[in-house]
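Remarks on the overall topology
So the chains spell out like this:
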Amino acid sequence: MQPGMLVSPATMGLTIRLDEVHHEYGRTEEAGTVTALENISLEIPAGDFAVLMGPSGSGKSTILNLIGAVDRPTRGRVMLGDREISSMSERDLTLVRRMKIGFIFQFFNLIPTLTVRENIEFPLALGGERGGMRERVDRVLDEIALGHRASHYPNELSGGEMQRVAIGRAVVHDPPLLLADEPTGNLDTRTGERILELIRSIHQSRNPTVVMATHSDRAASFGDYVIDVIDGTVGRREPR
Ligand code: ADP
């Protein structure tokens with residue numbers, strides 16, 4: 001058994017499938033529309049670590065938001081496992097987000113008035129979790145090596161430490177899908193490297209499907225393969 005695996009068993013990842021997904025923003029008369037994705041089809045098997053690469057504005061965040069149950073496509077199907085999330089109600093999408101997905105952002109998005117422990121607890125509290133909360137958070141604090149900072153506030157932490165807390169918050173409920181949008185984009189190279197190592201180690205110990213958007217070849221090398229996103233279209237290749 002690997003360290004940090006004592007409390008809950010490893011998660012099985014979810015297979016992600018996009019069928020002919022088309023997405024437009026701004027359907028108003030004044031603003032017109034922006035086509036972000038053009039009929040893309042894509043499958044990411046359960047447990048893979050896939051990397052989305054492409055220039056700014058190419059559609060990476062849009063893909064993450066569609067598979068992260070944040071938004072629904074204008075047309076086409078998005079499947080998580082055997083469930084079609086593209087046709088779900090807002091209420092059901094909220095439940096999918098809470099139960100199935102962990103999201104890591106470029107700017108961490110921690111709640112400044114909550115301590116490290118409380119930030120990590122937040123998804124469990126939101127999901128109505130009662131028993132075993134302390135143990136689960138303790139396991140996460142151990143994984144992110146920040147047990148000694150549990151009662152500190154985000155503004156007392158470095159950028160790398162804040163991102164570690166954000167990763168802890170993203171995985172505390174053992175989601176089968178972990179999404180990361182430029183997780184090292186706001187960190188120096190060395191700190192970024194440690195964050196990527198932490199994501200890799202969580203992928204190995206908890207086995208979620210991981211999808212990470214990045215600009216960096218170094219970050220991309222942590223994934224199993226790269227999905228290039230160019231002008232709203234996709235293509236797959238091995239990382240450099
Ligand atoms: P990336 O993550 O690769 O930088 P995005 O998915 O954020 O790309 O954006 C894809 C395209 O959709 C861009 O042209 C962007 O300007 C546009 N876009 C993204 N979000 C919105 C929005 N809320 N309203 C209008 N256009 C948007």
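Let us look at the structure shown here. (Residues numbered from 1 in each chain as written. Predicted model: local features only at pLDDT ≥ 70, side-chain atom pairs only at ≥ 80, totals over all residues.)

A short note on the overall build of the chain
Worth spelling out the cut-off: Starting at the N terminus, helices and strands are each numbered in turn, a helix being any DSSP run of H or I of at least four residues and a strand any DSSP run of E of at least two.
If you tally the helices and strands in the chain, you get seven helices and ten strands. Projected onto the principal axes, the alpha-carbon positions of the chain cover approximately 50 × 40 × 40 Å.

Focus: unusual backbone geometry
Stated formally: Using C-beta atoms placed from the backbone, we call a residue buried if 20 or more other C-beta atoms fall within 10 Å of its own, exposed if 12 or fewer do, and partly exposed for counts in between.
Positive phi, normally seen in glycine, also occurs at Phe-108, with a value near 70°. Taking the number of C-beta atoms within 10 Å as the measure of exposure, Phe-108 has 21 and is therefore buried. The phi dihedral of Asn-109 falls on the positive side, at around 55°, and the residue is not glycine.

Re the site of the ligand
Heads up, the rule is: In this text, near has one meaning. A residue is near a molecule or strand if its C-beta atom, placed using the backbone, is within 6 Å of it. Charged means Asp, Glu, Lys or Arg here, nonpolar means Ala, Val, Leu, Ile, Met, Phe, Trp, Tyr, Cys or Pro, and polar covers whatever is left, Gly included.
The full set of residues close to the ligand is Tyr-25, Gly-26, Val-34, Ala-36, Gly-54, Ser-56, Gly-57, Ser-58, Gly-59, Lys-60, Ser-61 and Thr-62. Among the elements of the structure, strand E1 (16-28), strand E2 (32-44) and helix H1 (60-67) are those that each provide at least two residues to the shell around the ligand. In terms of residues, the shell around the ligand owes the most to one element, H1, which gives three residues. Looking at the shell around the ligand, its residues break down into three nonpolar, eight polar and one charged.

Here's the deal with the sheet that holds strand E9 (residues 225-230)
Stated precisely, the cut-off is as follows: By definition, two strands form a pair when at least two bridges between them are found by DSSP. Here an axis means a line fitted to C-alpha atoms, over the contact stretch when the element is a helix, while the angle between two N-to-C directions is reported on a 0 to 180 degree scale. Think of it this way: build a C-beta for each residue from its backbone, and any pair within 7 Å is a contact.
What the six strands build is an open sheet, ordered E6-E7-E8-E3-E9-E10; its pairing is mixed. Strands with a single pairing partner mark the edges of an open sheet, and in this sheet they are strand E6 (101-104) and strand E10 (233-237). Strand-to-strand, the axes of this sheet are offset by a mean angle of 20°, without reference to chain direction. Helix H5 (residues 159-171) rests against E6 and strand E7 (177-181) of the sheet, and its axis sits at about 165° to E6.

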